[in-house]
Structure formats: C-alpha cells, structure tokens
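# Observations on the three-dimensional arrangement
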Amino acid sequence: MEKEKIYSLMSLAIIEGNQEEAIRLAEEALKLNLDPTEVIEKGYIPGIQKVGDLWEKGEYFLPELIASSEAMKAAMAILEPEIKKRDKGLKAKGKVVIGTVEGDIHDIGKNIVASMLQASGFEVHDLGADVKLEKFIDKAEEVGADIIGLSALLTTTMIGQKKLVEILKERQLRERYKVIVGGAPVTAEWAKSIGADGYAENAVTAVHLVKELLGQSKGR
Ligand code: B1M
C-alpha cells in the first residue's frame, strides 16, 4: 500500500475511533518498514487533530473523543517500542523528568515526546498525567535531572507551568534545572513570559530543544 494511502487510513481510523483498524495499520506500517515517528506525525496525529476540530464544532461529544484517544493510544503502544529500538545513534546524555501538570489528564502528546527523547538517548522519567507540581521537583532532585518538562493541554492548566517555575525559585532551585514547556495551547511567548527555558511545538523539536539546552549547560 502507498505511504500516503496508509497515512490517510490511519487518520480515518482515529477519527472513527476504530481501535482494531488503528492497530492493524500500525502493524502493517512496521511490516512495510515505515519510520514509526513519521507514521505518528503524518498518519495518526492529523486524525486526532481532526477529532479536536469536530469536538470544537459540536459534531463530536465525549464518547467519540474517548474512542478516538483509545484508538490513538492503541496505535502508540505498537509504535513506541519500535521508536525506542531505532535509536539513530544520536546519543546525548542527560536526564529529563516529564509529565502532564496537575488537573490535566491529556497524555498522548507527552507520551510521544517522552518516547522520542528516550529514543534519542536521554534518560527519561515519565511521571504520567495529572502530576502534582511538587512531584516534578522531588523526582528531579531524586534522580539529579537536567531538565523538567511540563505538558499542558488545557488553557486552565497552563498556569501549572508558571507555578512550577515560581516554586523552583522559592526553593532556590531555579538555576539547577532547565524547564521546558509544551502542549497544544502553549506558545513560545507563553514560555518566555513565565520564565521557562524553552518551548517545543512537537516531539521532534522537543528533542532538538533538550539537546540545545544541555549543550548550553555543559560543565554546570
Ligand atoms: Co481533551 N481537550 N478534554 N480530551 N482533547 C482538548 C485539549 C481541547 C483543545 C478540545 C477542544 O475543545 N478542541 C479542549 C481544551 C480547550 C481549552 O483548554 N481551551 C479539551 C477539553 C475541554 C477536554 C475536557 C475538559 C472535556 C470535558 O471533560 N468536558 C477533558 C479534560 C479533562 C482533564 O484533563 N481534566 C478532556 C478529556 C479528553 C480525553 C480524556 C477524552 C482525551 C485525552 C486522552 C489522553 O490524552 N489520554 C482528550 C483528547 C484526545 C483531546 C484532543 C482531541 C486531542 C489531544 C491530543 O492527544 N492531541 C484535544 C484537541 C486538540 O488538541 N486539538 C483536546 C494529539 C497530540 C499528539 O498532540 O497533545 O498537542 P498534543 O502534543 C503534541 C504537542 O503539543 C507537543 O508535542 C506533542 C507531539 O507532537 N507537546 C509537547 C505536548 N506536550 C509537550 C511537552 C513538551 C514539548 C512538546 O515539553 C515538555
């Protein structure tokens, strides 16, 4: 099957919340030796974005949203181990603590970022979703992290990213960690305004950002 055809079927499987088809296509993509990162970006992500649009237009409701995200997660479960296996030799040492901030249960995008970072040679401590802010810091202290990464998908939970920077300052730890933020409503302007060290629009740019920040923090 042509690449473009398989990508559009993947997108459709997510839009329809068809978990079986999403899994079947992910397995087929691996058999065809397609790049799993590209498969996620060009096949599955456009599907879940369309679901977001349909929800916004009032054409989809919560059950559809849930069915689509379950289908997305099922496909990710097939592709992510493959991404981890295909470390392209771009080893970069560094420890990242990542999670979705408290009050926010969206974790699909954060999971993609975490697995891409891991595949690029970083030690990733993924705390999951709806994570208390103190927990990010406690984990970072425990493992000696270089980077704290905060994902937020709701305009109401973005504030958690700001608060984390403030807590780090209060605890005299701001200089110890680089803080990066991301998630659909997050922007570079927001990152700058809250005093974060960086913003990434997607998983690929998140990997570049982490590498860049660790390069700058050499010898710290
Ligand atoms: Co929700 N949801 N949702 N949802 N949901 C959004 C975010 C929304 C924009 C939909 C809409 O209205 N169009 C809207 C938020 C509106 C707003 O805040 N202004 C919304 C809402 C309102 C809600 C609920 C409140 C609905 C309700 O209950 N009434 C509720 C929230 C519950 C809560 O968190 N407390 C809710 C629930 C859910 C589901 C559980 C059904 C499900 C989540 C399942 C899960 O994640 N386990 C869900 C989904 C699937 C979505 C949409 C459709 C898709 C999100 C997604 O997975 N995108 C979403 C619409 C949208 O975003 N257009 C929506 C795909 C993913 C690959 O992209 O997460 O952006 P994304 O991640 C990208 C980048 O942003 C970036 O890289 C990733 C990979 O490219 N990135 C980072 C992400 N994190 C990063 C961190 C980094 C760097 C980059 O560094 C640390």
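Per chain, residues are indexed from 1 in the order of the written sequence. A pLDDT threshold of at least 70 governs which residues receive local features in this predicted model, and a stricter bar of 80 or more applies before side-chain atom pairs are shown or counted, although totals over entire chains, interfaces and linings include all residues. The side-chain figures draw on all heavy atoms in the structure; neither hydrogens nor water molecules are used.

## Observations regarding the layout of surface pockets
Its boundaries defined by the atoms lining it, the largest pocket holds a volume of some 1600 Å³. What lines the largest pocket is a set of 47 residues, among which Ile48, Ile108, Gly109, Leu153 and Ala184 lie closest to the centre. Strands are runs of DSSP state E lasting at least two residues, helices are runs of H or I lasting at least four, and both sets are numbered from the N terminus onward. Those elements that place two or more of their residues in the lining of the largest pocket are α3 (36-56), α4 (62-85), α5 (108-119), β3 (147-151), β4 (178-182) and α9 (203-216). For the lining of the largest pocket, the element with the most residues is α3, which contributes 11 residues. Note on residue categories: nonpolar means Ala, Val, Leu, Ile, Met, Phe, Trp, Tyr, Cys or Pro, charged means Asp, Glu, Lys or Arg, and polar means any other residue, Gly included. Of the residues in the lining of the largest pocket, the class split is 28 nonpolar, 11 polar and 8 charged. Segmentation of the chain into domains, including their bounds, is taken from an automatic or database domain assignment. A domain split of the lining of the largest pocket shows at least three residues from each of domain 1 (3-86) and domain 2 (95-213). Within this scheme a cavity is a closed region of a 1 Å grid, computed over the protein atoms alone, that accommodates a 1.4 Å probe without allowing it to escape, whereas a pocket is open but has protein on both sides within 12 Å along at least five of seven lines; lining residues each have an atom within 4 Å of a point. Grid points are joined across faces, edges and corners, and a volume is the space filled by probe spheres set on the points.

## Overview of the site of the ligand
Looking at the ligand, there are 33 residues lining it, with Trp55, Glu56, Ile105, His106 and Asp107 nearest. At 2.9 Å, a backbone N or O of Gly103 approaches a nitrogen atom of the ligand. Here the criterion for a molecule occupying a pocket or cavity is that more than half of its atoms lie within 2 Å of the pocket grid points. In this structure, the ligand is accommodated by the largest pocket. Of all the secondary structure elements, the ones that give two or more residues to the shell around the ligand are α3, α4, α5, β3 and β4. Of the residues contributing to the shell around the ligand, the split by class is 17 nonpolar, 11 polar and 5 charged. We call a residue near a molecule or strand whenever a single non-hydrogen atom of that residue lies within 4 Å of it. Distance and chemistry together define a polar contact, namely a pair of N or O atoms within 3.5 Å, with one atom able to donate a hydrogen and the other to accept it when in protein, and with adjacent residues in sequence counting only for side-chain atoms on both sides.

## Some remarks on the coordination of the cobalt atom of the ligand
Donor atoms: N, O and S within 2.8 Å of the metal, or within 3.2 Å for Na, K and Ca. Because water is excluded, sites can look incomplete. For the cobalt atom of the ligand, the protein supplies a single donor, His106 (NE2), at a distance of 2.2 Å. As for its position among the elements, His106 is in the loop between β1 (95-100) and α5.

## A look at the pattern of salt bridges
Note that side chains of opposite charge can pair when their charged atoms are close. The term salt bridge refers to a side-chain nitrogen of Lys or Arg lying within 4 Å of a carboxyl oxygen of Asp or Glu. Following the criterion strictly, the structure yields 13 salt bridges and no others. Here Lys42 and Glu38 are joined by a salt bridge, their closest N and O atoms 3.9 Å apart. Highlighted residues: Lys42 and Glu38, both in helix α3, separated by 4 residues, approximately one helical turn. Each residue's exposure class comes from its accessible area (1.4 Å probe, protein chains only) as a fraction of the maximum for that residue type: buried when under 20%, exposed when over 50%, partly exposed otherwise. Of the residues examined, Lys42 reaches a relative accessible area of 48% and is grouped as partly exposed. A salt bridge links Lys139 to Glu142; the nearest nitrogen and oxygen atoms lie 3.4 Å apart. Residue Lys139 and its partner Glu142 are both found in helix α6 (residues 133-143); the two are separated by 3 residues, about one turn of the helix. Accessibility expressed as a relative area gives 23% for Lys139, which makes it partly exposed. Accessibility expressed as a relative area gives 58% for Glu142, which makes it exposed. Connected via shared salt-bridge partners are Lys3, Glu38 and Lys42.

## Brief notes about the pairing of β3
Most of β3 sits out of view: 5 of its 5 residues are buried. Residue alternation in β3 divides its side chains into two sets, Ile147, Gly149 and Ser151 and Ile148 and Leu150, and both sets are buried. Where β1 and β3 come together, 5 bridges link them in parallel fashion. Bridge pairing links Gly99 to Leu150 in β3. Strand pairing is assigned whenever DSSP identifies at least 2 bridges connecting the two strands. Relative to β4, β3 is paired through 5 bridges, and the arrangement is parallel. Opposite Ser151, over in β4, you have Gly182 as the bridge partner.

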